[in-house]
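Observations on the model geometry
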Number of protein chains: 8
Amino acid sequence: MDKNSLRELLEQVREGKTDVASALQRLKSLPFEDLGFAKIDTHRDLRRGFPEVIFCKGKTVEQVVSIFEVLSGTERRVMATKATPEMYEAIRWKCPDAVYIDTAQIVLIGRPSEKKTDRRVAVVSAGTSDISVAEEAAVTTEMMGCPVDRLYDVGVAGIHRLLHNKEKLFEANVLVVVAGMEGALASVVGGMVDRPVVAVPTSVGYGASFQGLAALLSMLNSCAPGVAVMNIDNGFGAGYFAAIVNLGKND
Amino acid sequence: MDKNSLRELLEQVREGKTDVASALQRLKSLPFEDLGFAKIDTHRDLRRGFPEVIFCKGKTVEQVVSIFEVLSGTERRVMATKATPEMYEAIRWKCPDAVYIDTAQIVLIGRPSEKKTDRRVAVVSAGTSDISVAEEAAVTTEMMGCPVDRLYDVGVAGIHRLLHNKEKLFEANVLVVVAGMEGALASVVGGMVDRPVVAVPTSVGYGASFQGLAALLSMLNSCAPGVAVMNIDNGFGAGYFAAIVNLGKND
Amino acid sequence: MDKNSLRELLEQVREGKTDVASALQRLKSLPFEDLGFAKIDTHRDLRRGFPEVIFCKGKTVEQVVSIFEVLSGTERRVMATKATPEMYEAIRWKCPDAVYIDTAQIVLIGRPSEKKTDRRVAVVSAGTSDISVAEEAAVTTEMMGCPVDRLYDVGVAGIHRLLHNKEKLFEANVLVVVAGMEGALASVVGGMVDRPVVAVPTSVGYGASFQGLAALLSMLNSCAPGVAVMNIDNGFGAGYFAAIVNLGKND
Amino acid sequence: MDKNSLRELLEQVREGKTDVASALQRLKSLPFEDLGFAKIDTHRDLRRGFPEVIFCKGKTVEQVVSIFEVLSGTERRVMATKATPEMYEAIRWKCPDAVYIDTAQIVLIGRPSEKKTDRRVAVVSAGTSDISVAEEAAVTTEMMGCPVDRLYDVGVAGIHRLLHNKEKLFEANVLVVVAGMEGALASVVGGMVDRPVVAVPTSVGYGASFQGLAALLSMLNSCAPGVAVMNIDNGFGAGYFAAIVNLGKND
Amino acid sequence: MDKNSLRELLEQVREGKTDVASALQRLKSLPFEDLGFAKIDTHRDLRRGFPEVIFCKGKTVEQVVSIFEVLSGTERRVMATKATPEMYEAIRWKCPDAVYIDTAQIVLIGRPSEKKTDRRVAVVSAGTSDISVAEEAAVTTEMMGCPVDRLYDVGVAGIHRLLHNKEKLFEANVLVVVAGMEGALASVVGGMVDRPVVAVPTSVGYGASFQGLAALLSMLNSCAPGVAVMNIDNGFGAGYFAAIVNLGKND
Amino acid sequence: MDKNSLRELLEQVREGKTDVASALQRLKSLPFEDLGFAKIDTHRDLRRGFPEVIFCKGKTVEQVVSIFEVLSGTERRVMATKATPEMYEAIRWKCPDAVYIDTAQIVLIGRPSEKKTDRRVAVVSAGTSDISVAEEAAVTTEMMGCPVDRLYDVGVAGIHRLLHNKEKLFEANVLVVVAGMEGALASVVGGMVDRPVVAVPTSVGYGASFQGLAALLSMLNSCAPGVAVMNIDNGFGAGYFAAIVNLGKND
Amino acid sequence: MDKNSLRELLEQVREGKTDVASALQRLKSLPFEDLGFAKIDTHRDLRRGFPEVIFCKGKTVEQVVSIFEVLSGTERRVMATKATPEMYEAIRWKCPDAVYIDTAQIVLIGRPSEKKTDRRVAVVSAGTSDISVAEEAAVTTEMMGCPVDRLYDVGVAGIHRLLHNKEKLFEANVLVVVAGMEGALASVVGGMVDRPVVAVPTSVGYGASFQGLAALLSMLNSCAPGVAVMNIDNGFGAGYFAAIVNLGKND
Amino acid sequence: MDKNSLRELLEQVREGKTDVASALQRLKSLPFEDLGFAKIDTHRDLRRGFPEVIFCKGKTVEQVVSIFEVLSGTERRVMATKATPEMYEAIRWKCPDAVYIDTAQIVLIGRPSEKKTDRRVAVVSAGTSDISVAEEAAVTTEMMGCPVDRLYDVGVAGIHRLLHNKEKLFEANVLVVVAGMEGALASVVGGMVDRPVVAVPTSVGYGASFQGLAALLSMLNSCAPGVAVMNIDNGFGAGYFAAIVNLGKND
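All values derive from a computational prediction rather than experimental measurement. (Residues numbered from 1 in each chain as written. Chains lettered and ligands numbered in written order. Predicted model: local features only at pLDDT ≥ 70, side-chain atom pairs only at ≥ 80, totals over all residues. Heavy atoms only, no water.)

Quick look at the overall build of chain A
- Each helix and strand in chain A was counted, giving eleven helices and nine strands.
- Relative to its 251 residues, chain A shows a buried fraction of 58%.
- Residue pairs in contact within chain A that sit at least 24 positions apart in sequence constitute 68% of those at least 6 positions apart.
- As presented, chain A carries roughly 9,500 Å² of accessible surface, and 48% of it is formed by carbon and sulfur atoms. (Helix = DSSP H or I, 4+ residues; strand = E, 2+ residues; numbered from the N terminus. Buried < 20%, exposed > 50% of the residue type's maximum accessible area, 1.4 Å probe, protein only. Contact = heavy atoms within 4.5 Å. Areas by Shrake-Rupley, 256 points an atom, 1.4 Å probe, with all protein chains shown as cover.)

Describing the relation of the copies chain H and chain G
- Between chain H and chain G, the superposition needs a rotation of 180° and an axial shift of 0.0 Å, giving an RMSD of 0.1 Å. Look at the turn and shift together and you get a two-fold axis relating the two. Among all C-alpha atoms of chain H, that of Val229 of chain H lies closest to the rotation axis, at 2.5 Å.
- Both copies share a contact surface, since 100% of the interface residues of chain H are interface residues in chain G too. (Least-squares fit on C-alpha atoms with pLDDT ≥ 70 in both.)

Some thoughts on the sheet that holds strand β3 (residues 99-101) of chain F
Residue and element names in this part refer to chain F.
- With mixed pairing, four strands are arranged side by side in an open sheet as β1-β2-β4-β3. Each end of this open sheet is capped by a strand with a single partner; those strands are β1 (52-55) and β3. Between one strand axis and the next, the sheet turns by 20° as a mean value, whatever way the strands run.
- Direction of pairing for β1 relative to strand β2 (residues 78-81): parallel, over a ladder of four bridges. Each bridged residue has a counterpart across the sheet, and for Val53 the counterpart in β2 is Met79. (Pairing = 2+ DSSP bridges. Axes fitted to C-alpha atoms, helices over the stretch in contact; angles between N-to-C directions.)

Section: the sheet that holds strand β4 (residues 106-109) of chain B
All names here are of chain B.
- With mixed pairing, the four strands of this open sheet are ordered in space as β1-β2-β4-β3. A single partner strand is all that each edge strand has here, and the edge strands are β1 (52-55) and β3 (99-101). On average, each strand axis in the sheet is inclined to that of its neighbour by 20°, with strand direction left out of account.
- Both strand β2 (residues 78-81) and β4 contribute to a ladder of three bridges, which runs antiparallel. If you follow Met79 over to β4, its bridge partner there is Leu108.

Observations concerning helix α4 (residues 61-74) of chain A
All names here are of chain A.
- Between the first and last C-alpha of α4 there are 21 Å, a value that for 14 residues agrees with the 20 Å anticipated at 1.5 Å per step.
- Restricting attention to buried positions, one finds in α4 the residues Val64, Val65, Phe68 and Leu71. Buried positions in α4, seen along its axis, are confined to an arc of 140° and lie on one side of it. In α4, the exposed residues that point more than 90 degrees away from the buried face are Glu62, Val70, Gly73 and Thr74.
- In this fold, the buried residues of α4 make contact with β1 (52-55), β2 (78-81), α5 (85-94) and β4 (106-109). (Expected span 1.5 Å × (residues − 1). Arc of directions from axis to C-beta.)

Overview of the interface of chain H and chain G
- With 36 residues of chain H at the contact, the number on the chain G side is 36 residues.
- Between chain H and chain G, a total of about 3,300 Å² is buried, with carbon and sulfur atoms accounting for 64% of that surface.
- If you look at where chain H meets chain G, you find zero salt bridges.
- Our enumeration of links across chain H and chain G arrives at nine residue pairs in polar contact (both at pLDDT 80 or more).
- Breaking the side of chain H that touches chain G down by element, the ones donating at least two residues are α3 (38-49), α8 (166-171), α9 (185-192), α10 (213-220), β9 (227-229) and α11 (235-247) of chain H.
- When residues of the side of chain H that touches chain G are assigned to their parent elements, the largest contribution, four residues, is made by α11 of chain H.
- In terms of residue class, the side of chain H that touches chain G is made up of 21 nonpolar, nine polar and six charged. (Buried area = accessible area lost by both parts, 1.4 Å probe. Salt bridge = Lys/Arg side-chain N within 4 Å of Asp/Glu carboxyl O. Polar contact = N/O pair within 3.5 Å; in protein donor to acceptor, adjacent residues only side chain to side chain. Nonpolar A, V, L, I, M, F, W, Y, C, P; charged D, E, K, R; others polar.)

Section: the packing of helix α6 (residues 131-143) of chain F against helix α11 (residues 235-247) of chain F
All names here are of chain F.
- Axis separation between α6 and α11 bottoms out at 7 Å; the angle between their running directions is 35°. Of the two elements, α6 crosses α11, and the hand of that crossing is right-handed. Facing α6, whose interface residues are Val133, Glu136, Ala137, Thr140 and Thr141, α11 presents Gly235, Phe236, Gly239, Tyr240 and Ala243.
- Its residues placed into classes, the contact of α6 with α11 shows five nonpolar, four polar and one charged. (Left-handed = near helix turned anticlockwise from the far one by under 90°.)

Focus on unusual backbone geometry
- With a phi close to 55°, Gln105 of chain A is a non-glycine residue in the positive phi region.
- Tracing the chain through its elements places Gln105 of chain A in the loop between β3 (99-101) and β4.
- Judged by its relative accessible area of 28%, Gln105 of chain A falls in the partly exposed class.
- The phi dihedral of Met181 of chain H falls on the positive side, at around 45°, and the residue is not glycine.
- With respect to the helices and strands, the residue Met181 of chain H is situated in the loop between β7 (174-179) and α9.
- Judged by relative accessible area, which is 27%, Met181 of chain H ranks as partly exposed.

Brief notes about the side chain of Lys82 of chain D
Residues and elements named next belong to chain D.
- Within the element layout of this structure, Lys82 appears in the loop between β2 (78-81) and α5 (85-94).
- Within the structure, Lys82 has its side chain in polar contact with the backbone oxygen of Asp233 (distance 2.7 Å).
- Those residues in contact with Lys82, other than ones at most four positions away along the chain, are Phe55, Cys56, Lys57, Met87, Gln105, Val133, Glu136 and Asp233.

A closer look at the packing of aromatic side chains
Residue and element names in this part refer to chain G.
- Taken as a whole and judged by the stated rule, the model has 28 aromatic pairs over all chains.
- Aromatic side chains Tyr88 and Tyr100 sit 5.2 Å apart centroid to centroid with 10° between the ring planes, which places their arrangement in the stacked category. On the criterion of sequence distance, the pair formed by Tyr88 in helix α5 (residues 85-94) and Tyr100 in strand β3 (residues 99-101) is long-range, its members being twelve residues apart. Note on accessibility: Tyr88 and Tyr100 belong to one class, buried. (Phe/Tyr/Trp six-rings, centres within 6.5 Å; stacked < 30°, edge-to-face > 60°.)

Considerations on the environment of Val107 of chain E
Residue and element names in this part refer to chain E.
- Note that Val107 resides in strand β4 (residues 106-109).
- Each C-alpha atom, one on Val107 and one on Ala138, is 14 Å from the other, the two residues being 31 residues apart in sequence.
- Apart from residues lying up to four places away in sequence, Val107 is in contact with Phe68, Val78, Met79, Ala80, Ala83, Tyr88, Ile91, Ala98, Val99 and Tyr100.

Thoughts on the pattern of salt bridges
- Considering all chains together, one arrives at 72 salt bridges over all chains under this definition.
- Glu15 of chain B is paired through a salt bridge with Arg14 of chain B; the nearest N and O atoms lie 3.7 Å apart.
- Residue classification places Arg14 of chain B among the partly exposed residues on the basis of a relative accessible area of 40%.
- The salt bridge involving Glu15 of chain F is made with Lys17 of chain F; its shortest N-O contact spans 3.1 Å.
- On the basis of relative accessible area, Glu15 of chain F is assigned to the partly exposed category, the value being 42%.

Observations regarding the environment of Ser113 of chain D
- Looking at the secondary structure, you find Ser113 of chain D in the loop between β4 (106-109) and β5 (121-125).
- Spatially, the C-alpha atom of Ser113 of chain D lies 26 Å from that of Asn231 of chain D, the residues being 118 residues apart in sequence.

A few points about helix α9 (residues 185-192) of chain B
- Burial within α9 of chain B is extensive, with eight of its eight residues counted as buried.
- Every buried residue of α9 of chain B is accounted for by Leu185, Ala186, Ser187, Val188, Val189, Gly190, Gly191 and Met192 of chain B.

What about the pairing of β2 of chain F?
- Side chains of β2 of chain F alternate between two faces, with Val78 and Ala80 of chain F and Met79 and Thr81 of chain F buried alike.
- Chirality of the crossover, the property in question, places the unit of β1 of chain F, helix α4 (residues 61-74) of chain F and β2 of chain F among those that are right-handed. (Right-handed = clockwise from strand over helix to strand, strands pointing away.)

A look at the pairing of strand β7 (residues 174-179) of chain D
Residue and element names in this part refer to chain D.
- Burial analysis of β7 places six of its six residues in the buried class, the great majority of the element.
- Burial of β7 is two-sided: the residues Val174, Val176 and Val178 facing one way and the residues Leu175, Val177 and Ala179 facing the other way are all buried.
- When β5 meets β7, the two strands line up parallel, connected through five bridges. Each bridged residue has a counterpart across the sheet, and for Val123 the counterpart in β7 is Val176.
- Bridge count between β7 and strand β8 (residues 197-201): five bridges; the pairing is parallel. Looking at the pairing, Leu175 lines up with Val197 of β8.

Some thoughts on the environment of Gly158 of chain F
- Locating Gly158 of chain F in the fold gives a position in the loop between β6 (148-151) and α7 (159-164).
- Considered as a pair, Gly158 of chain F and Ala126 of chain F are 32 residues apart in the sequence and their alpha carbons are 9.9 Å apart.

Quick look at the confidence of the model for chain A
Residue and element names in this part refer to chain A.
- Residues with a pLDDT of 70 or more make up 86% of chain A, whose mean pLDDT is 84.
- Ranking the elements of chain A by mean pLDDT puts helix α3 (residues 38-49) last, at 38, and strand β8 (residues 197-201) first, at 98.
- Low pLDDT, under 50, characterises residues 28-49; the stretch is placed with 41 contacts to residues that sit more than four places away or in other chains.
- Of the two predicted TM-score estimates for the complex, the pTM is 0.87 and the ipTM is 0.83. (pLDDT = per-residue confidence, 0-100.)

Printed below as a string of structure tokens:
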């Protein structure tokens, strides 16, 4: 109930077109709509441009298919992250339009938003094993209407590969850096650019990586300013964060 | 050595004005100047608008004073974070222009940048003990030319106080959320707004807060998308990150 | 051996109906029966109204079936928590009366207690993945004779959904709050009500949730007073605790 | 703004006594007052019976004195927990009425609530070093109008002392169990009684107690049902929780 | 090379029966044999009374069978701990004499030592899930010639069961206490007896038991003196330790 | 109330010298005395041979002096562990008989037990910094009437020193091994002897020793059987445990 | 582009054989080749003597086969570590020349380097379960042209076995020590030799070994100088590190 | 007793110059000297070139002075690490020759070894706060006769400073890399050079650096091969390790 509706209601009361009890009832029954939560509007907005998202990890194939099917009945676009090929096979049986972006482990119905900005997001990743998280971020950002540059396999063990691509780093408005093991890439990129770096530790590694803890702590302690950190393997979160930074408040 | 200088050097070689050995020497001795690191230019840029920063924690009063004095001889603006009153007293003896922003634990020489944008950064904090970290963030952001709205003492234990201030939350282009103990405020704010939330866990708490670990983990696991996390107590880092997000690439 | 039996024994000694040696033997052989442990009586009491409980996790299907079968031979009511559908299938083969409450992962023989109080317990949960733990709590509380209000999927990422249900929160005499990831819901609910909140962290999450550690620490550090915490995923414990609080000492 | 005020406002609009713009303004400017947060009323209620509470740990003597002085100007009763003798000396200088309960490390202005119930809370502690946390809980519960039985120094290393006091355990409506080191007392008490046990781990111990972590984990994993856990050393929280359980919803 | 052989060698040198080079060679080639390691003799000794032990966890069925087969060719007695039924089936195919003690998860060839002492070892365990570790300890102790009293399912959640058995506790010369979850049983038993308690934490539990960490820390911090701790689930180690304590130096 | 008193009471009832009500009262009021806790007798026993023990760490000088003074009024022997020189100075003022064993950080009134056995306890320590914990163990064991051999500064970094002393190792009936840093000495000694090894990790070390955690984990995972572990720095506990093992059940 | 090519290019410019634009283009298009990264040359060098390495853990059979096949098309030698027999079977189907060193879990195409030094590397391991990591190190070192002495199953639980082999320890120029459980072997070896010890903790163990953490901490805290530590189970890394130490800078 | 002395002894026996009893006595009383421990010779060797080392952290000024004084009476060279200025002042009072290298926190008597090799060790450090650990390593290495190149303040936040110094990196035979916070420098340097990198995490940092844990884990998980890790802040260990690698077996 926005300000205009509220004014209208009050005027109807004043003019006697609505009695007090009815007005009271309407006011009481809508206690939160008038809070004007930005998020609610956002949701409405996003529903036009952004798919509903299902986080598949820890769910059974049956659960994923069931949620996907329900959403695909009401939404123009549905997105499932961390989806296995088996999940996709099961989904496709029910939703033949669904496509599988296997590099990103994403099942998708619907097309990306039209491009909403020329500012670019760079998605940078360290090793080949980090690519699926990086792609999850990249695809998410693209779905939200942002152009993405991918710089993969540029880990610090061979820093010349990273330096070779410095132009793309410098052109980006926002950077997502995805790295497992020791996660040093976030600090190195953060030390080269002057734009926000969204760092995503991955669970890639073994032994004292403790399922991504080493990379997580490394990124939180980055000696380069301008680095903020997401949860381990949270490619979707990084892509979403980078997109809202890149789009700005009024895009 | 930019492209023009390089061309000039080659032309000098061609014209015999520079011999091969000298040219070789110059090329060899300047291998990185032509990398055009954005950060280098940035640094130069920032030096006009942003103070040099000294992190005082873990340093002795003598060390802080000594670094401060050196920098104040060459820089227009110097900033020391996590500075104690004792440090300020000692600095003031050498640098009478220095001022102490005790709420932010910052010692400062020089004035903030002129305002560079109308977009606003909201700095939100949970408890009274979190205010010094929040102020560190707020002062940093202001020093970089961004308008800041402060919303302090709006922790989730009394969520009506936060809801009372929702307009300021919705107006912000970027939000910094500072909270210790369980750090729930980041999720609640992240669930209300559709703009980037920079979450700063603080070491405020006791027992199972484990010096900020509880708040850190809480923020990393935020169920609300759009939340990225800084190191514990890193108010400066959050303020810097929020400012570069807010200023955008060409501001 | 209660007070009356003891008096009777002594009287028999006085009257010469029991000789000293026999009395001594009886007193010696029953050194603990006269401790009058409340729990023993409670157990006896509960057996009339509350099922025997089997914790299935970490047990094989064979072990669960075997324990269940034995108990169902002597008890009117048997309850198995964290039971998989496979376990239920195997149990049903032996105990055809057993029913499966799949949302709560509970296998059950026997009906709930009659309602023992009008005071209500609210069971509140954050995400859809938390529902099985919440249901485990809710069913346990109901089995003990308490009316339960369920408020599911009211996580802080969309706080308006929680606020919409504030009446139910305010009506409850005790609240069970079930949440994974960052567990912020416990603090938010704890900040809204003035009744005891029993917080249950769940292992829902990934990466830095560390199998529920993030939610556990978050809840232990709740900035709202009136929040006490159970072990991770311990829905049964929370339901039991809430019920004994709700029933009061003499119910 | 309660329902009656709202009806009155609408009637004033209907009757033309208030114009639409003014009504709109009032409705808009008070968007949260009508949420009827129980806590707000509670707070108001408590202010008559319960002191404002200051957590002194991590605050300087100056900060504690300053907050205490401000509160004592407006509140009938003020309570400061984890207060050192030095803090008390400094407070007394400003607030001569303040008294120091040194066993509980509490500074207090004002008297306890009158007794609000006959149901008893038992506060049980393991070692002599745990007594200050236990007293913090006991004094808090008493301040809220509940009768308290103290059972101190009944740790499991000499379980006969605990068994000697079983009547007091069995009489209690709620029990607070305070223990450091391995925290086993909570399980033992939880196994003897059928009423809620609020377990408080303390940081008493050394080496592998890891500042209370051992006791905390021990209590969270209690094999006895009916045990819920507070943060390490959180005597105030346990006392508050026990009191609201003991008072019940309408006391 | 013992003292007599050494003397003999020197005499041979003196008498010219052995030349210096040969003597030098013998002295050099046997540098450690004369260290007289007690363990070596022990090993020899034990081989007459104690089986060779294979730790099966983390080994494949093939590896276990292969080691078992080799040892059974040279040793009178072979023992495999943490053995699954599958392992036993595979072993029996090769070694038809092997028997499986399924409660202890032990595969065995050969009979226990004759009884070597009348002093008794009590093996006490908390829950039904702890029994396999307790049996592993009990069988190991029996294999080494010590009489064992078993007290199972006497966890502190029902402390009357433990107290019922106090005579057996008081008769024991050494006690092994096996408990998972919060491990409180070790402290309670340690507080009742004045003989050494060997505490074995088990990985039984869930959530914040962290695979036995809670019980481990609990036992290390036991407030009762006379408690020493083994690794998590190390029933064999506890049985071995208890046996060597019980047998004494010259048994 | 022992068996004889109980018989006497029953006979008085039979003979009419005591009425049933009085007998009932006596039986009821003495519910635990007849439990015959071994520990109680032990305590009485120990009081003749073993001092009362005060753990000084975490207590103020005033607290220690006060407890010491009280005990010295009723006990023949009092022992305070982890006592600083300052504490001793303060104690001596009140109790002039107290002596300070500075190497063990123990303050003592009274003399050791007469020798109760010829079996020897070896106390072995790794580095010079571990000696105070080792001495705490050694003095405790001696106070309980056991002969002690000290082998200090025989850490594995120079294993020849340990091997030089192998006779003393082989002669011991029980061994206490005290080591910080990586704690490897426990495994090496455990591999050499066939008697029980009581391992005490110390907090000696820095960085990744994490205040003794590295040594603790090392000792718990000892590859040598026959090693049981005490809490970090718990020299008293190790000395006590070694003594009760060494004295045997009937010494 | 090495120094000679660069000189040649400049001379061509000087002599007019190359115009400035072309030279500029060449210089610009090769911005990093002239950095002269030692590693690049090394890589080129190693490609002649050292296989490409694939880390198989965490990869599917399909991924491993696919990478292996691609590399075997371009490289003379390919090595895959942590390879299962299944992986080998799948690889062999595509690359019939591949051999499987099952003790080291390595799949290999191509032969070791010729011997490049007479200095020896000793690879020492504690238990039989550590052998696969030790062999991974040993094979890696041999592939790089270094002679290796293997000393397996010489854990500290039977230190005489280690002492028996002291000559091999003393002869080595570098030592790799592989141990799980408590990892004490690294300290013992480090205390015996005066050459560098490369310590590799393994995940062998259970309970409080926490997947190798105990051994890792133990090795990091070694009381013997001259010990440096690799990640848990990182046999390849240790073999590589030992080889480059052993070969020296100019081998 | 080396081989020659042993031969001589045997010849004396053969020639009757020494009787068997005496020879036996000598052999028996020197059981370990003939083990030929390399370390013993090394120690002797080092004593000519390397100072005795005292680790001051955790020791009182009195303890340090006392050990220092004793050693300076028998050794030509004594070195104390982690020494505070106060310690130096106290040492100088007793040992006027002692000098203080304050950047390395080292107190020293005696001069470095003469240069023993031309191969160079590079000591590289990230931040200004890491310099004291780096200097501890550098001074140690120099004391052992190795030339050292220092590259300080070349952290990855400004990677151009590191790249500027690549010649020194490439020239080094061994590299010590010292870094706190996220420790990324070790990976970056390890990725640039093909020589061994000895990585030293420092406790520099705050919050989620957890006193050096973040840097430690980061370095253990380095994606660059050729990196081995020392304990946190262990500059001496790194310098010692680098020196023995650099000197080689026969230097």
